[in-house]
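Here is what each chain is made of, one letter per residue.
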Amino acid sequence: MTIMNNENKSLTMLVNAIDQFSEWTGRCISWLTLGMVVVTFIIVVMRYLFNVGNVALQESVVYMHSFVFLLGAAYTLKHDGHVRVDIFYRPLSEKGKAIVNLIGNLVLLMPVSIFILWMSWDYVAASWSIFEGSQESGGIPARFILKSALIAMPAMMILQGIAEFLRDILVLSGKAHLVQEEHVL
């Protein structure tokens, strides 16, 4: 009995730690949406009031937009915000939902995330090897950092996928209440 309680406690602690990481990164990344609005406003004012353009500022909006979508994906997964067909899922019991989530995690989320990570690795490594910068004169000289998000996104999705998998295991074993009880952010 004690071993099972220790296993449940360990699983719960791991789920909570991953959840807190995803929560923290998601909240930090969300500030980039405000940054996009402010920088876009500055670009418009510079362009139409002062007839001045700035390639680096324009590229920064693309960088921020990319980071929001790529690095915010694990936060969205944590909050169950990804698109799903809800016709059959919505009326299921918690255990039924856990089974569907487990299957989706093992059949879709993990394989796709691993594939993206695998396919992106050489592409990102090549960018880092030459410290790739913008192709535009006056652009951001650190495109390799932007491309690194192609590695960070699937890694973070795999990490949050592990938390979701373990949470579903706890639901199926009747121990889901442990995660909510210990979760503090």
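Residues numbered from 1 in each chain as written. Predicted model: local features only at pLDDT ≥ 70, side-chain atom pairs only at ≥ 80, totals over all residues. Heavy atoms only, no water.

Asks: I keep staring at the pattern of salt bridges and nothing clicks. Help me out?
Replies: Where charged atoms of side chains with opposite charge meet at close range, the side chains can pair. Throughout the structure, instances matching the rule amount to five salt bridges. Residues Glu 132 and Lys 147 are paired through a salt bridge, measuring 2.7 Å at the closest nitrogen-oxygen approach. One end of the pair, Glu 132, is in the loop between helix H5 (94-129) and helix H6 (143-172); the other, Lys 147, is in helix H6, and 15 residues separate them in sequence. When sorted by exposure, Glu 132 lands in the same class as Lys 147, which is buried. (Salt bridge = Lys/Arg side-chain N within 4 Å of Asp/Glu carboxyl O. Helix = DSSP H or I, 4+ residues; strand = E, 2+ residues; numbered from the N terminus. Buried < 20%, exposed > 50% of the residue type's maximum accessible area, 1.4 Å probe, protein only.)

Asks: Explain the packing of aromatic side chains to me, please; I cannot follow it from the model alone.
Replies: The geometry of an aromatic ring pair is captured by two quantities: the separation of the ring centres and the angle between the planes. The tally for this structure, following the rule as stated, stands at five aromatic pairs. Residues Phe 115 and Trp 118 carry aromatic rings whose centres are separated by 6.2 Å and whose planes lie at 55 degrees to one another, so their mutual orientation is tilted. In this pair, Phe 115 and Trp 118 both sit in helix H5, three residues apart, roughly one turn of the helix. A residue is classified by how much of its surface remains accessible, and Phe 115, at 47% relative accessible area, is partly exposed. Pairing Phe 131 with Phe 144 gives two aromatic rings, centres 5.3 Å apart and planes at 75 degrees, and the pair type is edge-to-face. Here the residue Phe 131 occupies a position in the loop between H5 and H6, and Phe 144 occupies one in helix H6, the gap between them amounting to 13 residues. A relative accessible area of 54% places Phe 131 in the exposed class. (Phe/Tyr/Trp six-rings, centres within 6.5 Å; stacked < 30°, edge-to-face > 60°.)

Asks: Could you clarify how one ought to interpret helix H2 (residues 55-71) in this entry?
Replies: Side chains of residues three or four places apart in an α-helix project in the same direction, reflecting 3.6 residues per turn. Helix length check: H2, at 17 residues, gives a terminal C-alpha distance of 24 Å against a target of 24 Å (1.5 Å per residue), a fit within 8%. The complete set of buried residues in H2 reads Glu 59, Ser 60, Val 61, Tyr 63, Met 64, Ser 66, Phe 67, Val 68 and Leu 71. Here H2 starts with a cap whose side-chain oxygen sits 3.0 Å from the backbone nitrogen of Ala 56, and that cap is Asn 54. (Expected span 1.5 Å × (residues − 1). Polar contact = N/O pair within 3.5 Å; in protein donor to acceptor, adjacent residues only side chain to side chain.)

Asks: Whenever I open this one, the packing of H2 against H6 confuses me. Can you help?
Replies: Helix packing geometry: the angle between the two helix axes and the distance between the axes. At a closest axis distance of 9 Å, the pairing of H2 and H6 adopts a crossing angle of 10 degrees. Taken together, the axes of H2 and H6 are roughly parallel relative to one another. Between H2 and H6 lies a crossing whose hand is left-handed. The residues of H6 that touch H2, namely those facing Tyr 63, Ser 66, Phe 67, Leu 70 and Leu 71, are Arg 143, Ile 145, Leu 146, Ala 149, Leu 150, Ala 152, Met 153 and Met 156. Taken together, the residues of the contact of H2 with H6 sort by class into 11 nonpolar, one polar and one charged. (Axes fitted to C-alpha atoms, helices over the stretch in contact; angles between N-to-C directions. Parallel < 35°, antiparallel > 145°, perpendicular 65-115°, else oblique. Left-handed = near helix turned anticlockwise from the far one by under 90°. Contact = heavy atoms within 4.5 Å. Nonpolar A, V, L, I, M, F, W, Y, C, P; charged D, E, K, R; others polar.)

Asks: How should I be thinking about the packing of H5 against H6 in this particular structure?
Replies: One way to put it is that H5 packs onto H6 with a least axis distance of 8 Å and a crossing angle of 160 degrees. Between H5 and H6, the angle is such that the two are roughly antiparallel. Seen along the crossing, H5 lies across H6 with a hand that is left-handed. Tallied by class, the residues present in the contact of H5 with H6 amount to 25 nonpolar, seven polar and six charged.

Asks: Help me out: how do you make sense of unusual backbone geometry in this one?
Replies: Outside of glycine, negative phi angles account for most residues, and trans bonds account for most peptide bonds. Unlike most non-glycine residues, Asn 51 shows phi in positive territory, near 55 degrees. Residue placement: Asn 51 occurs in the loop between helix H1 (2-50) and H2. Judged by its relative accessible area of 68%, Asn 51 falls in the exposed class. Even without a glycine there, the phi angle at Phe 131 is positive, about 45 degrees.

Asks: For this particular structure, what's the right way to read the UniProt feature "transmembrane region" (unreviewed entry) in the protein chain?
Replies: Per the UniProt record, "transmembrane region" (unreviewed entry) is found at residues 28-49, 61-77, 98-120 and 140-159. As annotated, residues 98-120 comprises 100% helix and 0% strand, and the C-alpha atoms at either end are separated by 30 Å. (UniProt positions renumbered as here; feature names shortened; annotations may be inferred.)

Asks: What is the right way to look at H5 in this model?
Replies: Of all the bends in H5, the greatest, near 45 degrees, is centred on Asn 105. Along H5, the residues classified as buried are Gly 96, Lys 97, Ala 98, Leu 102, Asn 105, Leu 109, Met 110, Ser 113, Ser 120, Val 124 and Ser 127. Contacts made by the buried residues of H5 are with helix H3 (73-78), helix H4 (86-89) and H6. Looking one or two residues past H5, Phe 131 carries a phi angle of roughly 45 degrees, positive in sign. (Bend = angle between axes of the 7 residues up to and from the residue.)

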